[in-house]
2 protein chains.
Amino acid sequence: MSRIAFIGLGVMGNPMATHLAEAGHDVAGYNNVPVREAAFELSGGRVATSIADAVDGAEIVAIMVPDSPDVEQVLTRDGVFDHATPGALIVDFSSIRPDVTVDLAQQAKARGFRLLDAPVSGGQKGAVDASLSIMVGGDTPDFVAALPIFETVGKTIVHVGGNGAGQTVKAANQLIVAVNIQALAEAVVFLQAHHVDLSSALDVLSGGLAGSKVLDQKRENMVRHEFRPGFRIELHHKDMGIVTAAAREAGVVVPVGALVAQLMAAARANGDGGLDHSALLLGVERLSGLGTSSPLSP
Amino acid sequence: MSRIAFIGLGVMGNPMATHLAEAGHDVAGYNNVPVREAAFELSGGRVATSIADAVDGAEIVAIMVPDSPDVEQVLTRDGVFDHATPGALIVDFSSIRPDVTVDLAQQAKARGFRLLDAPVSGGQKGAVDASLSIMVGGDTPDFVAALPIFETVGKTIVHVGGNGAGQTVKAANQLIVAVNIQALAEAVVFLQAHHVDLSSALDVLSGGLAGSKVLDQKRENMVRHEFRPGFRIELHHKDMGIVTAAAREAGVVVPVGALVAQLMAAARANGDGGLDHSALLLGVERLSGLGTSSPLSP
């Protein structure tokens, strides 16, 4: 069993930290929003008073925060690099820019720490069920050392390369997911406009080559027009920025990824940022004049 | 058991007609390419000398030809309407324009026949394994009458609405499949450009929300750069024309579907029409300057 600092106790971090505590690790949780710390405490966790307090004596420093600047803040300014135990293994579960991960891993190494990028897929349900997919970038000995931690919170765990590779695979994941959602949304609006029985149609589509996890998991949201998150447009918008920038950097042209990044931005600009990403459906409806909130409506 | 005329004995029609003959139906096959008739004969089928001969006394007239004009030709000019038995049930397995299906169903009714549109998904493998998904449009009594035929060649069989509805669902299917392939292609080129281990990356992607039938069935083509059909770009290009026209007719805006239709057209224009649709990967490579055939290469 290890001493673990867990920084970031949100929708994903809270259940992950709880699983680790339940598995017998000594987990000190920290969040800059106290109400989230309270939730972790309620589920039996121990709450630290600061990042310095959380990382004190910890062999593993787990991080699950929203974006690249948040990880930079936690590591370089809020105290991990300044207060963590020499040799500590930093496991960054956040989804951030691959180039930022590479830079932070170099800084960590220079200060005597080790770092893995370990972004996850599977959403809140995957975090609660401890069935996350985890895409890990970093050195093999560090991956091996962190494996018991990964196996406590995830199911499909793959070491995909050196530092940054985990974030690169996560970026590709977010591209595919966004595009597959948009494809389903266009198909749903198309089928409804042609007055086809949507439920029967989706049944037969899921049985053929059009079948996907997105179709299985998002069809009900679209059929019911019910978009409570889930995974928010706001966060997927952030991820589309990451993948299009990383593609650009590598000289790869991703026409459909780029268009869906724009449609995700449009969803956010139209006030859907807090909805589940399946709300891309609303964008197709708006484009097709089927929205409920056209400014030209009487 | 029924007397069945089966018109169109190609990659799909031949195994379907063979399954029907093996199930004990009296099947007369016809194809305007004699070598295909010979293949059907080899697998134990009976070959008709003409469409008039094939439909003579048939209760069911099954059709599996490439495109809308081919179905029109077979029905209105090559002899089905002129020679079929009054009351015969025409089952059109071809993937064609929904509006053409509606028009032909009306003509069929006016001449005393019944017609179902019954396009399939599942490809050559689905036809050979008798595991096709079948999306059926038409009247319920006709659907019920044809059910034993459908169950002999397919697995997921859904009556989705009146005439044209089957074709509409098939069009939506082809939109989703094309877009999901393009998303995977962009992700694969992106991952390779970042030197991530592709096979590990695809393993972890398939375990999460990015997982799909397209990922499962097309990843090896992309990893091996091997694009033997399968389902040809040429035919998917035809289908993208159908779905974009049908969307336009219904006033539905499908930005990603339309872009992928253009990319499919580009693949065809660049000489990939005879390759499997997973060859959309080559288009992403060409756009990214990674093609092997740049006209500016030395």
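Residues numbered from 1 in each chain as written. Chains lettered and ligands numbered in written order. Predicted model: local features only at pLDDT ≥ 70, side-chain atom pairs only at ≥ 80, totals over all residues. Heavy atoms only, no water.

**Structural notes on the overall build of chain A**
Here is step 1 of the chain: For chain A, the helix and strand inventory stands at 14 helices and nine strands.
Here is step 2 of the chain: A compact globule built from 298 residues should have a C-alpha radius of gyration of about 19 Å, and chain A, at 20 Å, falls within 12% of that.
Here is step 3 of the chain: Along the first, second and third principal axes, the C-alpha set of chain A runs to 65 × 45 × 40 Å.
Here is step 4 of the chain: In chain A, which comprises 298 residues, the proportion classed as buried is 56%. (Helix = DSSP H or I, 4+ residues; strand = E, 2+ residues; numbered from the N terminus. Rg over C-alpha atoms; globule rule 2.2 N^0.38 Å. Buried < 20%, exposed > 50% of the residue type's maximum accessible area, 1.4 Å probe, protein only.)

**Describing the environment of leucine 280 of chain A**
Here is step 1 of the chain: By secondary structure assignment, the location of leucine 280 of chain A is in helix 14 (residues 280-287).
Here is step 2 of the chain: For leucine 280 of chain A, the residues in contact, after removing those within four places along its chain, are Ala178, Ile181, Gln182, Ala185, Ile233, Leu263, Met264 and Ala267 of chain A. (Contact = heavy atoms within 4.5 Å.)

**Description of the domain arrangement of chain A**
Residues and elements named next belong to chain A.
Here is step 1 of the chain: Annotation of chain A at the domain level lists domain 1 (3-162) and domain 2 (168-287).
Here is step 2 of the chain: Here domain 1 and domain 2 have C-alpha centroids that lie 28 Å from each other.
Here is step 3 of the chain: On the side of domain 2, nine residues touch domain 1, which itself brings twelve residues to the contact.
Here is step 4 of the chain: Counting the contacts that link domain 1 with domain 2 gives zero salt bridges.
Here is step 5 of the chain: Counting across the domain 1 and domain 2 interface gives five residue pairs in polar contact (both at pLDDT 80 or more).
Here is step 6 of the chain: Of all the secondary structure elements, the ones that give two or more residues to the side of domain 1 that touches domain 2 are helix 6 (98-110) and strand 7 (120-121). (Domains from an automatic or database assignment. Salt bridge = Lys/Arg side-chain N within 4 Å of Asp/Glu carboxyl O. Polar contact = N/O pair within 3.5 Å; in protein donor to acceptor, adjacent residues only side chain to side chain.)

**Observations concerning the relation of the copies chain A and chain B**
Here is step 1 of the chain: For the match of chain A to chain B, the screw axis carries a shift of 0.0 Å, the RMSD comes to 0.1 Å, and the turn is 180 degrees. Seen this way, the second copy is the image of the first under a two-fold rotation axis. When each C-alpha of chain A is compared by its distance to the rotation axis, serine 212 of chain A comes out closest, at 1.9 Å.
Here is step 2 of the chain: Interface residue correspondence from chain A to chain B reaches 100%, placing this contact among same-surface, isologous pairings. (Least-squares fit on C-alpha atoms with pLDDT ≥ 70 in both.)

**A few points about the environment of methionine 240 of chain B**
All names here are of chain B.
Here is step 1 of the chain: By secondary structure assignment, the location of methionine 240 is in helix 12 (residues 233-250).
Here is step 2 of the chain: Separated by 20 residues in sequence, methionine 240 and valine 260 place their C-alpha atoms 8.1 Å apart.
Here is step 3 of the chain: With residues near it in sequence (within four places) discarded, methionine 240 still touches Gln174, Leu175, Ala178, Gly257, Val260, Ala261 and Met264.

**Description of the interface of chain A and chain B**
Here is step 1 of the chain: On the side of chain B, 65 residues touch chain A, which itself brings 65 residues to the contact.
Here is step 2 of the chain: Interface area lost by chain A to chain B is led by Phe190, Val204 and Leu209 of chain A, which between them contribute 15%.
Here is step 3 of the chain: At the boundary of chain A and chain B, one finds zero salt bridges.
Here is step 4 of the chain: The tally of links between chain A and chain B comes to 14 residue pairs in polar contact (both at pLDDT 80 or more).
Here is step 5 of the chain: Secondary structure elements with two or more residues in the side of chain A that touches chain B: strand 8 (132-137), strand 9 (154-161), helix 9 (165-193), helix 10 (198-207), helix 11 (213-224), helix 12 (233-250), helix 13 (255-272) and helix 14 of chain A.
Here is step 6 of the chain: Top element by residues in the side of chain A that touches chain B is helix 9 of chain A. It accounts for 20 residues.
Here is step 7 of the chain: Across the side of chain A that touches chain B, the residue classes tally to 40 nonpolar, 20 polar and five charged. (Buried area = accessible area lost by both parts, 1.4 Å probe. Nonpolar A, V, L, I, M, F, W, Y, C, P; charged D, E, K, R; others polar.)

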